[in-house]
Amino acid sequence: MATAATNGIGNGFDYTNVNSGQVPAGSIQSTNNAGTKSSNSSVTSAQAMQNNFLTLLTAQLNAQDPLNPMDNSQITSQMAQISQVAGLQTLNQTMQQMVSAQSATQSLMASSMIGKNVMVAGNALTAPAAGQTTQAGVLLNGPAASVQVNVLDQNGNVVDTVPLQNPGKGLTTFSWDGKDANNNQLPAGGSYTFQVKVAQASSSGTTTATAYNTQQVQAVSWANGSPMLVLPGNNLVPLSNVAQMS
């Protein structure tokens, strides 16, 4: 009988040849075919580990010394460990299925947003037609005494000013009617931008602002398995970056 049994569950058996798939003749009188196959392959899953364990156990049971049998407590302990590994793999598979289901739900939601207007980070504004307005917003990361939005033309000149009433932490939206400071209607479709000026609520205030504008979803794309909204200019935005939808 071979000696040097470490890393095993009993005593008096050499596992080296079994782990490499080279079991000496006569060491194993009867083994399960699936277990033999798994011992010849790399242990890449809990099932393969379990099959390999059963192969080793069968080999040791056949090779043990009748006068010095294996300790049943060791067998029970290692079988429990193998069961835990198998249980963890099953849990992992279940979690992967849940992630896939969530991804499918997000994809369905993203598809339903085609043609909708979404508010995302950006400071571009398009002058609306007479009698209409365009929506935008300001996201504050803290309190502010007041917030002023300046609408700029392509040359950087201020054409209109929009004060935000009762600004607070979070997203505050506003509407721009496409008119300049003298109440003159600007050409519809004109390209403008806006900048935000924040008056701190206290002398030690550090509140900053992020500009948000409204854009129309033109299509949905998938990147690394996640849905992305395609906005004008082929800009890709994940669903998590959308602050509002209308």
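Residues numbered from 1 in each chain as written. Predicted model: local features only at pLDDT ≥ 70, side-chain atom pairs only at ≥ 80, totals over all residues. Heavy atoms only, no water.

J.: Could you clarify how one ought to interpret the overall build of the chain in this entry?
T.: Of the regular secondary structure elements, the chain holds 4 helices and 12 strands. Counting over 246 residues, the chain shows a buried share of 31%. A sequence separation of at least 24 residues applies to 64% of the contacts in the chain between residues at least 6 apart. A total accessible area of about 14,500 Å² is found for the chain, and carbon and sulfur atoms account for 49% of it. (Helix = DSSP H or I, 4+ residues; strand = E, 2+ residues; numbered from the N terminus. Buried < 20%, exposed > 50% of the residue type's maximum accessible area, 1.4 Å probe, protein only. Contact = heavy atoms within 4.5 Å. Areas by Shrake-Rupley, 256 points an atom, 1.4 Å probe, with all protein chains shown as cover.)

J.: What exactly am I supposed to notice about unusual backbone geometry here?
T.: Only a minority of non-glycine residues have a phi that is not negative, and only a minority of peptide bonds are not trans. Of note in the backbone geometry, Asn 166 takes a positive phi value of approximately 50° without being a glycine. Mapped onto the secondary structure, Asn 166 falls in the loop between strand S5 (158-164) and strand S6 (170-176). Even without glycine at this site, Asn 183 takes up a positive phi of about 70°. Among the secondary structure elements, Asn 183 is positioned in the loop between S6 and strand S7 (191-200). For Asn 183, a relative accessible area of 52% gives the class exposed.

J.: Quick question: what am I supposed to make of the nonpolar core here?
T.: Side chains of a nonpolar character, in soluble globular proteins, are inclined to be buried together. Core analysis: the largest hydrophobic core is formed by 18 residues, its most contacted members being Leu 125, Val 138, Val 149, Phe 174, Trp 176, Tyr 192 and Phe 194. At 4 residues, strand S4 (residues 144-152) tops the list of elements feeding residues into this core. Those residues in contact with Leu 125 that lie beyond four places of it in its chain are Thr 134, Ala 136, Val 151, Trp 176, Gly 190, Ser 191, Tyr 192, Thr 193 and Phe 194. By size, the runner-up hydrophobic cluster in this structure holds 11 residues, among which are Ala 110, Val 118, Leu 231 and Leu 239. (Core = buried A, V, L, I, M, F, W, Y, C linked by side-chain atoms within 4.5 Å.)

J.: Which parts of the structure should I look at to understand the sheet that holds strand S11 (residues 235-238)?
T.: Sheets are built from strands that pair by backbone hydrogen bonding, the pairs being arranged parallel or antiparallel. Taken in spatial order, the 3 strands line up as S9-S10-S11 in an open sheet, and their pairing is antiparallel. Every other strand in the sheet has two partners, leaving strand S9 (219-223) and S11 as the edge strands with one partner each. Across the sheet, the axes of successive neighbouring strands diverge by a mean angle of 40°, strand direction being ignored. Strand direction decides the pairing type here: strand S10 (residues 226-231) and S11, joined by 4 bridges, are antiparallel. Among the inter-strand pairings, Leu 229 is bridged to a residue of S11, identified as Val 237. (Pairing = 2+ DSSP bridges. Axes fitted to C-alpha atoms, helices over the stretch in contact; angles between N-to-C directions.)

J.: Honestly, the sheet that holds S7 in this entry has me stumped. Any pointers?
T.: Ordered in space as S2-S7-S4-S5, the 4 strands form an open sheet in which the pairing is antiparallel. The open sheet has two free edges, formed respectively by strand S2 (124-126) and S5, since each of these has just one partner strand. When the angles between neighbouring strand axes are averaged without regard to direction, this sheet yields 30°. When S4 meets S5, the two strands line up antiparallel, connected through 6 bridges. Bridge pairing in S5 links Val 147 to Leu 164.

J.: Hey, could you run me through the packing of aromatic side chains in this one?
T.: What describes a pair of aromatic rings is the distance from one ring centre to the other and the angle between the planes of the rings. Within this structure, the stated rule accounts for 2 aromatic pairs. Aromatic side chains Phe 174 and Phe 194 sit 5.5 Å apart centroid to centroid with 80° between the ring planes, which places their arrangement in the edge-to-face category. Here the residue Phe 174 occupies a position in strand S6, and Phe 194 occupies one in strand S7, the gap between them amounting to 20 residues. Phe 174 gets classed as buried once you look at its relative accessible area, which sits at 5%. Judged by relative accessible area, which is 2%, Phe 194 ranks as buried. (Phe/Tyr/Trp six-rings, centres within 6.5 Å; stacked < 30°, edge-to-face > 60°.)

J.: What is the right way to read the pairing of strand S1 (residues 117-121) from this model?
T.: Pairing analysis gives 5 bridges linking S1 to strand S8 (residues 209-216), with the strands arranged antiparallel. Looking across to S8, one finds that Ala 121 is bridged to Tyr 212. Bridge count for S1 against strand S12 (residues 244-245) is 2 bridges, and the pairing is antiparallel. Within S12, the position partnered with Val 118 by the bridge is Met 245.

J.: Hey, could you run me through the side chain of Thr 134 in this one?
T.: Following the sequence through the fold, Thr 134 ends up in strand S3 (residues 134-140). A residue is classified by how much of its surface remains accessible, and Thr 134, at 15% relative accessible area, is buried. The contacts of Thr 134, once residues within four sequence positions are left out, are Leu 125, Thr 126, Pro 128, Phe 174, Ser 175 and Trp 176.

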